Structure formats: structure tokens, C-alpha cells
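Architecture at a glance
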Amino acid sequence: MNRLPQHNDWLALVEISGPFLAVPVLKEAFPQGLEELDGLKRKRLRQTYEEWCEALETDDPQFNELHTAWIEEVLSRGLDLDEDHKGDVLKRADWCAINLSVSLPEHGVTLAPDLAVVDEQRGNKALMLVCTYGQNVDLEATLKLDGWSATPPDRMVQLCRATGCRLGLMTNGERWMLVDAPVGAVTTFACWYARIWIQEHITLQAFVHLLGIRRFFVDETEQLPALFDRSLKYQDEGHRRPR
């Protein structure tokens, strides 16, 4: 069965800036297409998202807790990064502040991610950095934090390059922005929206298959940075984005 349209379908629903994943590379990485997500996982994500939306609309005094719970649900259970709550793969803020804090003297700030995906078998090598924001934060607006005026993507790119970790993920609960920041090469940004996950399940499937725990612990040639690198040769051939 030809799965090509499946990749075009979800690519058309993701906001992409920069050289993203080429369809031929996606076909190699997922020769059987994107498998269906576990029904219970999808149900939990939908319920938690609906609770988040309702709390937002009603100015629930506990919204901050629900905001944190929603992001935790996506990362820990949706992506299976910390399903057992042991924190082996997904490190929290305290750990990140100690192990992934970087000083940017040119901006007079010290940055650290809120969470990080790490490989304990390789000395806790950082595989993806995660920064979370309040639901009212525009992820592309310039924010003055710690005295440095910059957009969240600008801050993430600087953080990724300073820590030697190519991948970053930012979210305000609704918008989930993936960053690929290779040193000396063009940065890529790709945005998923939680509301579209609910409406178009294929976008959630793609998000989980690209950023779920299994993708971080396959052979390095099949991990996301390698897929990005292999996709570059298709950049000028019209395969990168659906027509």
C-alpha cells in the first residue's frame, strides 16, 4: 500500500520554516507508514486537553496546575518519555539548572531548559531540550526576560548551540514548536497545534512518532538529526514540502 499521501497529509498541517523532513526520507524511516496510536493514550490526551481548554475559558483559579499537568501528559505519557515517573530519560528543572545551565555573556544571561531528554547510557547526553511558557505567551514575540530581549525561538537556538544539543521543543500548551539548530547550518522550526491534534489525528501520530521515546533510542542513523541531514539533499528538488 502506498503511504506517500499520509506524509503529505500531516506535513500540510504543520507550520514549517527552514529545511524540514523530506517525504522520501520519511518513507525510509517509516516504511509501514505511521502506525495508529494506542486508543487509551489518545483518549487521555484528548481529555486532558479538554480540561485545559475549559480551565482556560473559565479562568479556573487552578489553571496553572492544569497547564503543568497538560504539558506533563504530553511529554510523559504522550511521548512516553517518563511513563514510569522515574525521571531516567526526562530530566526536570532542578537537574537541568545544575547540568545544562549555560552563560551567554554577550547577552548578560544564564539559560537552562525547563526539562531535557537525555541518554543515561551516554553520560546523560542531552538529546532534546524543552522550554515551557504560559498559555498567553506568543512563541514568536520578543520577550524581555532576564534583561535580554529575544523571542523564545532565538533563546532556544542559543541554548541548543551552547549545550551542543541540536533539538529543542517549546510550548505554551497550545502550540508545540520543534527546533533543529545544527551548528553552522540553517535552523528549522516546525509547529504543531494541540487543537489540530484533536481534529486531525494524523498530526498527533506524526508528533509522537518523531518525538516519542523510541525515536531517540534507535540507531543514530535513524534518529531525528540524521533524518534532517539526509533530507537536505532533497531541499532543492521540491520534495521537502507537499504541493
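First, a word on what this report is: a plain description of the structure on this page. This one's a predicted model, so the numbers in the text were calculated from it and none came from an experiment.

Before going further, it helps to examine the overall build of the chain. In terms of helices and strands, the chain carries ten helices and eleven strands. Overall size of the chain, expressed as C-alpha extent along the three principal axes, is 50 × 45 × 35 Å. Counting all 243 residues of the chain, 50% fall into the buried class. A sequence separation of at least 24 residues applies to 58% of the contacts in the chain between residues at least 6 apart. When the accessible surface of the chain is totalled, it reaches about 11900 Å², and 47% of it is carbon and sulfur. Distance between charge centres in the chain, computed from 26 positive and 38 negative side chains, equals 5 Å.

With that settled, the discussion passes to the environment of threonine 203. Topologically, threonine 203 is positioned in helix H8 (residues 201-211). By relative accessible area, which is 1% here, threonine 203 ends up buried. Sequence-wise, threonine 203 and aspartate 94 are 109 residues apart; in three dimensions their C-alpha atoms are separated by 32 Å. Among all residues touching threonine 203, those that are not within four sequence positions of it are Trp10, Leu13, Trp192, Ile196 and Trp197. A polar contact is formed between the side chain of threonine 203 and the backbone oxygen of isoleucine 196, at a distance of 3.4 Å.

Another aspect to go through is the packing of aromatic side chains. Evaluation of the coordinates by the stated rule reveals twelve aromatic pairs. Counting every residue linked through ring pairs, the aromatic cluster contains Trp10, Phe20, Tyr49, Trp52, Phe63, Trp70, Trp176, Trp192, Trp197, Phe207 and Phe228.

We now examine the packing of helix H3 (residues 39-57) against H8. Relative to each other, H3 and H8 sit at 105°, their axes nearing to 12 Å. The angle between the axes of H3 and H8 places the two elements in the roughly perpendicular class. Residues Lys41, Arg42, Leu45 and Arg46 of H3 touch H8, and the partners they reach there are His201, Leu204 and Val208.

Below, the discussion takes up a negative patch on the surface. Where like charges cluster on the molecular surface, the negative patch consists of Asp38, Glu83, Asp84 and Asp88. Position of glutamate 83 among the secondary structure elements: in the loop between helix H4 (63-78) and strand E2 (90-91).

Nonpolar side chains tend to gather and get buried jointly when the protein is soluble and globular. In this structure, Trp10, Trp70, Trp176 and Trp192 are the most contacted members of the largest nonpolar core, which totals 54 residues. Per-element accounting of this core gives the leading share, seven residues, to H8. When near neighbours in sequence (up to four residues on either side) are disregarded, tryptophan 10 contacts Phe20, Leu26, Leu34, Trp192, Ile202, Thr203, Ala206 and Leu210. Counting residues in hydrophobic clusters, the runner-up holds 29 residues, among them Leu104, Leu129, Ala150 and Cys160.

Here we come to the pattern of salt bridges. Considering all chains together, one arrives at 19 salt bridges under this definition. We note a salt bridge from arginine 214 to glutamate 35, for which the minimum N-O separation is 3.7 Å. Taken together, the residues span a long stretch of sequence, with arginine 214 in helix H9 (residues 213-216) and glutamate 35 in the loop between helix H2 (23-29) and H3 at a distance of 179 residues. Look at arginine 214 and you get exposed, because its relative accessible area is 58%. When the shortest N-O distance is used, the salt bridge between arginine 77 and glutamate 73 registers 3.8 Å. Here glutamate 73 and arginine 77 lie together in helix H4, a separation of four residues that amounts to about one turn. Exposure remark for arginine 77: the relative accessible area of 29% places this residue in the partly exposed category. Judged by relative accessible area, glutamate 73 falls into the buried class, the value being 8%. Here the residues in one salt-bridge network are Glu15, Glu140 and Arg175, joined through shared partners.

Rules used throughout
- Residues numbered from 1 in each chain as written.
- Predicted model: local features only at pLDDT ≥ 70, side-chain atom pairs only at ≥ 80, totals over all residues.
- Heavy atoms only, no water.
- Helix = DSSP H or I, 4+ residues; strand = E, 2+ residues; numbered from the N terminus.
- Buried < 20%, exposed > 50% of the residue type's maximum accessible area, 1.4 Å probe, protein only.
- Contact = heavy atoms within 4.5 Å.
- Areas by Shrake-Rupley, 256 points an atom, 1.4 Å probe, with all protein chains shown as cover.
- Lys, Arg positive; Asp, Glu negative; His and termini not counted.
- Charge placed at Lys NZ, Arg CZ, Asp CG, Glu CD.
- Polar contact = N/O pair within 3.5 Å; in protein donor to acceptor, adjacent residues only side chain to side chain.
- Phe/Tyr/Trp six-rings, centres within 6.5 Å; stacked < 30°, edge-to-face > 60°.
- Axes fitted to C-alpha atoms, helices over the stretch in contact; angles between N-to-C directions.
- Parallel < 35°, antiparallel > 145°, perpendicular 65-115°, else oblique.
- Patch = residues over 30% accessible without salt bridge, like charges linked within 9 Å, V, L, I, M, F, W, Y side chains within 5 Å.
- Salt bridge = Lys/Arg side-chain N within 4 Å of Asp/Glu carboxyl O.
- Core = buried A, V, L, I, M, F, W, Y, C linked by side-chain atoms within 4.5 Å.

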